[in-house]
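Structure at a glance
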Amino acid sequence: MSNLLVKAIFFLALLGCVSLAPCEEEVDISNGERLDNGQILHKGVIYEKGDYIKVNATKVTACSKLVIRKCCPFGYANVGRSCVNSTTYFDAPVWDDYKVLEGVFARDIFRFTIGKMNCTCNMVRVRVSQIGVLDWSDNWHLKSDGNLFVELTTSIPPWTVLTPDKYCIDTFLYTDENGDTQARLDALACFADEAPSNHFEVRSAS
C-alpha cells in the first residue's frame, strides 16, 4: 500500500472521529412540539431540522447551544411593529472580538427563541441601525458569545455590548426611494428612554 493511500485513510479516519465527537452537553427534546417545517419547539427554543438526532422512536436529543432571540418566527420578517410572511432567508454573520468569522453564521452556532423582548421600566425598544446620524448605518455585529456589539459614536465609551435578553435580530423589510421593497438584517435593542446630552441620539424606534 502506498504512503499516499495510507495517509489518505488516516486523514479520513480523523475526520470520522471529529464528526462523531459527543456533545459537551446534551438536551433531551423528546417532549417538544413538532412543527410543520420539520423544526421542534422545546421550552421556547427552536431546534431546526438537521440540528437534532432521533435516537429511537420516542427519544430526540440535540447538542446544547447558546440561545439568542429572533424578533419574528422563521419564515417571517419585521415591518414596523409587525411580522409578515417573507421568503427572504434569515441568517447573520458572526464576529469574534476583532473580526468577522469566515464561514460562520448565526444558525450554525446558535439556537433561537422567537419574539421581541420586553424592555424594563425606563427603557425603549430601538432599531439599532437607526441610532445616530445616518440611516441604516452598519453599527452593530453579533459576537460568538451571543452578545451584540453596538457602536455609539457620540457616547463615552463609543460602544456598548448587549446580552441576549436585551436584543433580537431579524430581517427587516422597508421601501426604498424607488418604492421597491428591500430586505436588510437589523436588530431591536433596549436602550434608556431618556439619555444625557452627551449620549447617543435615538432617531427612530420600533
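Rules behind the numbers
Position numbers for residues count from 1 along each chain, tracking the sequence in the order it is written. In keeping with the model being predicted, local features are shown solely for residues with a pLDDT of at least 70 and side-chain atom pairs are shown and tallied solely at 80 or more, while totals for entire chains, interfaces and linings include all residues. Think of the side-chain values as coming from all heavy atoms in the structure, minus any hydrogens and water. Secondary structure elements follow DSSP: runs of H or I of four or more residues count as helices, runs of E of two or more count as strands, with numbering from the N terminus. Exposure is judged per residue with a 1.4 Å probe applied to protein chains only, and the accessible area is read against the type maximum: over 50% gives exposed, under 20% gives buried, and values in between give partly exposed. For the purposes of this analysis, a disulfide is any pair of cysteine sulfur atoms at a distance within 2.5 Å. As a per-residue quantity, pLDDT reports the predictor's confidence and falls between 0 and 100. Note on contacts: a residue pair is in contact if any heavy atoms of the two residues lie within 4.5 Å. Two strands pair under a simple rule: DSSP has to find at least two bridges between them. Put simply, a salt bridge is a Lys or Arg side-chain nitrogen that is within 4 Å of an Asp or Glu carboxyl oxygen.

1. Concerning unusual backbone geometry
The bulk of non-glycine residues show a negative phi, and the bulk of peptide bonds are trans. One non-glycine residue, Lys43, lies in the positive phi region at around 50°. When you line up the elements, Lys43 lands in the loop between strand 3 (40-42) and strand 4 (45-47). Under the relative-accessibility criterion, Lys43 is labelled exposed at 76%. A positive phi angle, near 65°, is found at Asn122, a position not held by glycine.

2. Considering the state of the cysteines
Scanning the model with the defined rule gives four disulfides in all. There is a disulfide in this structure between Cys23 and Cys63, and the S-S distance comes to 1.8 Å. As the torsion about the S-S bond is roughly -65°, the Cys23-Cys63 disulfide counts as left-handed. Of this pair, Cys23 sits in the loop between helix 1 (3-19) and strand 1 (26-28) while Cys63 sits in strand 6 (residues 60-63), and the two are 40 residues apart along the sequence.

3. Side note on the confidence of the model for the protein
Averaged over every residue, the pLDDT of the protein is 83; residues scoring 70 or more account for 80%. Across residues 4-21 the pLDDT falls below 50, and counting only partners more than four positions away or on other chains, this stretch makes two contacts in the model. Counted against residues more than four places away or in other chains, residues 195-206, with its pLDDT under 50, gives 29 contacts.

4. Quick word on the sheet that holds strand 1
Here we have three strands laid out as an open sheet, ordered 1-6-5, and antiparallel in their pairing. Edge positions in the open sheet fall to strand 1 and strand 5 (53-54), since each of these has one partner strand only. Of the strand pairs in this sheet, strand 5 and strand 6 are connected by two bridges, and their pairing is antiparallel. Considered in strand 6, the bridge of Lys54 is made with Val60.

5. Focus on the pattern of salt bridges
Using the criterion set out here, one finds nine salt bridges in the structure. A salt bridge links Asp51 to Arg111, with the shortest nitrogen-to-oxygen separation between them at 2.8 Å. Of this pair, Asp51 sits in the loop between strand 4 and strand 5 while Arg111 sits in strand 12 (residues 110-114); the two residues are 60 residues apart in sequence, bridging distant segments of the chain. Taking the relative accessible area as the measure of exposure, Asp51 reaches 22% and is therefore partly exposed. A salt bridge links Lys70 to Asp170; its shortest N-O distance comes to 2.9 Å. Residue Lys70 is located in strand 7 (residues 66-70), and its partner Asp170 is located in strand 17 (residues 167-175); the two are separated by 100 residues in the primary sequence. The class for Asp170 is buried, based on a relative accessible area of 0%. Through salt bridges that share partners, Asp51, Lys65 and Arg111 make up one connected network.

6. A short note on the environment of Asn147
Within the secondary structure layout, Asn147 lies in the loop between strand 14 (140-142) and strand 15 (148-151). For Asn147, a relative accessible area of 16% corresponds to the buried category. Placed 15 residues apart in sequence, Asn147 and Leu162 show a C-alpha to C-alpha distance of 5.5 Å. If we ignore the near neighbours within four places in the chain, the residues touching Asn147 are His141, Leu142, Val161, Leu162, Thr163, Pro164 and Tyr167.

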